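For reference, the chains in residue letters:
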Amino acid sequence: MEYLEFELPIKELEEQLDKCQIIGEESDVDVTQTCKQIEKKLLDTKKEIYKNLTPWQRVQLSRHPNRPYTLDYIKAICGESFLELHGDRSFKDDKAMIGGLGKIGDQTFMFIGQQKGYNTKTRQYRNFGMANPEGYRKALRLMKSAEKFGIPVVTLLDTPGAYPGLEAEERGQGEAIARNILEMTRLKVPIITIVIGEGASGGALGIGVGDKIMMLENTWYSVISPESCSSILWRSWEYKEQAAEALKLTAKDMKKVKIVDDIIKEPLGGAHTDRETTFKTVSKAIVDAYEEFKNLSPKDLVNKRIEKYSEMGVFKG
């Protein structure tokens with residue numbers, strides 16, 4: 001288990017607990033009471049730390065190396081029913097953007113999301129979760145297929161942003177994202193969007209237009225990452241904590257300004273501490289959201305979606 005800087009008090013207590021249990025197993029000394037005291041202190045410390053997380057600490061949690069990624073969610077939720085589909089039928093298959101058909105119960109969904117890697121080799125293979133234009137075109141192709149067969153779409157957002165390389169620009173990165181946003185606003189099937197990690201910039205928005213938008217508790221959604229914001233405003237990455245605070249990028253902030261509809265609660269300590277519970281919670285959230293929209297006619301669905309986005313950003317001075 002890897003620990004973030006602010007989690008070090010938890011690490012110390014967990015090590016103490018392990019030592020206490022080992023002493024109990026290897027000797028005749030009764031350490032039950034001591035172990036219980038450490039367990040209580042550990043739980044209290046966890047509650048205290050995770051109750052008072054700063055925006056920057058939530059950003060760190062969203063990037064935790066043990067945190068589940070898109071494929072983890074899909075495989076846990078759909079099991080053997082998931083069939084991955086490849087390619088944009090124009091250029092190539094983008095490994096940073098994955099998609100395919102999967103079932104929850106008897107209902108089929110089209111799952112689309114950015115996939116990050118677990119180690120150096122897979123991170124390079126997945127391009128660190130940064131999709132190229134062909135990734136967004138693949139996503140659009142899959143959404144259009146879903147629309148053709150009346151299958152609801154589920155998008156899982158987890159990207160540090162769209163790939164900013166020269167070749168991506170040459171192949172029309174901006175156009176691909178803009179096209180997706182346009183087409184998603186008028187897609188005739190329900191779209192359920194969940195931010196499961198980092199929701200950065202247009203890279204996330206390229207598959208982020210939905211009827212129901214949800215965020216996991218320790219994720220962020222913003223036009224720019226705190227580090228990039230800091231480097232633009234202060235010419236240094238040192239102010240990333242201040243930038244995270246100012247950007248209002250947490251789930252709570254997003255819900256307050258009605259950019260997202262719901263916050264999905266995570267287990268104490270983050271999604272990675274109890275994956276099974278997280279997967280079940282996300283699966284239930286998808287099913288509940290689908291129940292909300294499944295009986296709407298395509299026309300009502302699109303009108304409601306356009307209305308939802310038209311109302312965003314409206315405020316009274």
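Described in the following lines is the structure provided in the data block. (Residues numbered from 1 in each chain as written. Predicted model: local features only at pLDDT ≥ 70, side-chain atom pairs only at ≥ 80, totals over all residues. Heavy atoms only, no water.)

**Quick notes on the overall build of the protein**
Part 1 of the reasoning: If you tally the helices and strands in the protein, you get 14 helices and eight strands.
Part 2 of the reasoning: For a compact globule of 317 residues, the expected C-alpha radius of gyration is about 20 Å, and the protein comes in at 21 Å, within 12% of that figure.
Part 3 of the reasoning: Overall, the C-alpha framework of the protein stretches about 70 × 50 × 45 Å when taken along its three principal axes.
Part 4 of the reasoning: Every one of the 317 residues in the protein was classed for burial, and the buried ones make up 49%.
Part 5 of the reasoning: For the protein, the proportion of contacts with a sequence separation of at least 24, taken over those separated by at least 6, is 72%. (Helix = DSSP H or I, 4+ residues; strand = E, 2+ residues; numbered from the N terminus. Rg over C-alpha atoms; globule rule 2.2 N^0.38 Å. Buried < 20%, exposed > 50% of the residue type's maximum accessible area, 1.4 Å probe, protein only. Contact = heavy atoms within 4.5 Å.)

**What about the packing of aromatic side chains?**
Part 1 of the reasoning: Taken as a whole and assessed by the stated rule, the structure comprises five aromatic pairs.
Part 2 of the reasoning: Relative to F279, the ring of Y73 has its centre 5.1 Å away and its plane inclined at 80 degrees; by these criteria the two rings are edge-to-face. In this pair, Y73 is assigned in helix 4 (residues 70–78) and F279 in helix 13 (residues 275–293), connecting sequence segments 206 residues apart. Pair check on accessibility: Y73 and F279 agree, each one buried.
Part 3 of the reasoning: Ring geometry for F109 versus Y290: centroids 5.5 Å apart, planes at 75 degrees, classification edge-to-face. (Phe/Tyr/Trp six-rings, centres within 6.5 Å; stacked < 30°, edge-to-face > 60°.)

**A look at the pattern of salt bridges**
Part 1 of the reasoning: As enumerated under the stated definition, the model contains 24 salt bridges in all.
Part 2 of the reasoning: Between D44 and K40 there is a salt bridge; the shortest N-O distance is 3.1 Å. With D44 and K40 both in helix 2 (residues 32–51), this residue pair falls four residues apart, about one helical turn.
Part 3 of the reasoning: Using a relative accessible area of 37% as the deciding quantity, one classes D44 as partly exposed.
Part 4 of the reasoning: Using a relative accessible area of 55% as the deciding quantity, one classes K40 as exposed.
Part 5 of the reasoning: Between R179 and E175 there is a salt bridge, with the nearest N and O atoms lying 3.6 Å from each other. Here R179 pairs with E175, and both are found in helix 8 (residues 173–185), just four residues apart, close to one helical turn.
Part 6 of the reasoning: The class for R179 is partly exposed, based on a relative accessible area of 35%.
Part 7 of the reasoning: Taken together, the salt bridges that share partners define one network made up of R137, K144, E147, E175, R179, E183 and R186. (Salt bridge = Lys/Arg side-chain N within 4 Å of Asp/Glu carboxyl O.)

**Describing helix 3 (residues 55–62)**
Part 1 of the reasoning: Burial within helix 3 is extensive, with seven of its eight residues counted as buried.
Part 2 of the reasoning: Among the residues of helix 3, those classed as buried are P55, W56, Q57, R58, V59, L61 and S62.
Part 3 of the reasoning: Here the buried face of helix 3 lies against helix 2, strand 5 (191–200), strand 7 (220–222), helix 10 (226–234) and helix 11 (240–247).

**A look at a nonpolar patch on the surface**
Part 1 of the reasoning: Taken together, the side chains of I232, L233, W234 and Y239 present a nonpolar region at the surface, about 400 Å² in accessible area.
Part 2 of the reasoning: Counting through the fold element by element, Y239 comes out in the loop between helix 10 and helix 11. (Patch = residues over 30% accessible without salt bridge, like charges linked within 9 Å, V, L, I, M, F, W, Y side chains within 5 Å. Areas by Shrake-Rupley, 256 points an atom, 1.4 Å probe, with all protein chains shown as cover.)

**Observations concerning the pairing of strand 3 (residues 107–114)**
On a regular strand, one side chain projects to one face of the sheet and the next to the other, so that they alternate.
Part 1 of the reasoning: Extensive coverage of strand 3 is indicated by the burial of six of its eight residues.
Part 2 of the reasoning: Sheet topology places strand 2 (residues 97–104) next to strand 3; eight bridges connect them, and they run antiparallel. Bridge pairing links I104 to Q107 in strand 3.
Part 3 of the reasoning: Two successive antiparallel strands, strand 2 and strand 3, enclose a turn made up of two residues, where G105 displays a positive phi of approximately 65 degrees.
Part 4 of the reasoning: Note that strand 3 and strand 4 (residues 153–159) share four bridges and pair parallel. (Pairing = 2+ DSSP bridges.)

**A word on helix 1 (residues 8–26)**
Part 1 of the reasoning: Between its first and last C-alpha, helix 1 extends 27 Å over 19 residues, near the 27 Å set by a 1.5 Å rise per residue.
Part 2 of the reasoning: Buried residues in helix 1 make contact with helix 2. (Expected span 1.5 Å × (residues − 1).)

**Re the environment of N218**
Part 1 of the reasoning: You can see N218 is positioned in the loop between strand 6 (212–216) and strand 7.
Part 2 of the reasoning: Residues N218 and A271, 53 residues apart in the sequence, show an inter-C-alpha distance of 8.0 Å.
Part 3 of the reasoning: Ignoring anything within four residues of it in the chain, the contact list for N218 reads L53, R58, L61, S62, R67, E266 and G270.

**A short note on the pairing of strand 2**
Part 1 of the reasoning: Burial analysis of strand 2 places six of its eight residues in the buried class, the great majority of the element.
Part 2 of the reasoning: In the sheet, strand 1 (residues 83–84) pairs with strand 2 via two bridges, with the strands oriented antiparallel. Opposite E84, over in strand 2, you have G100 as the bridge partner.

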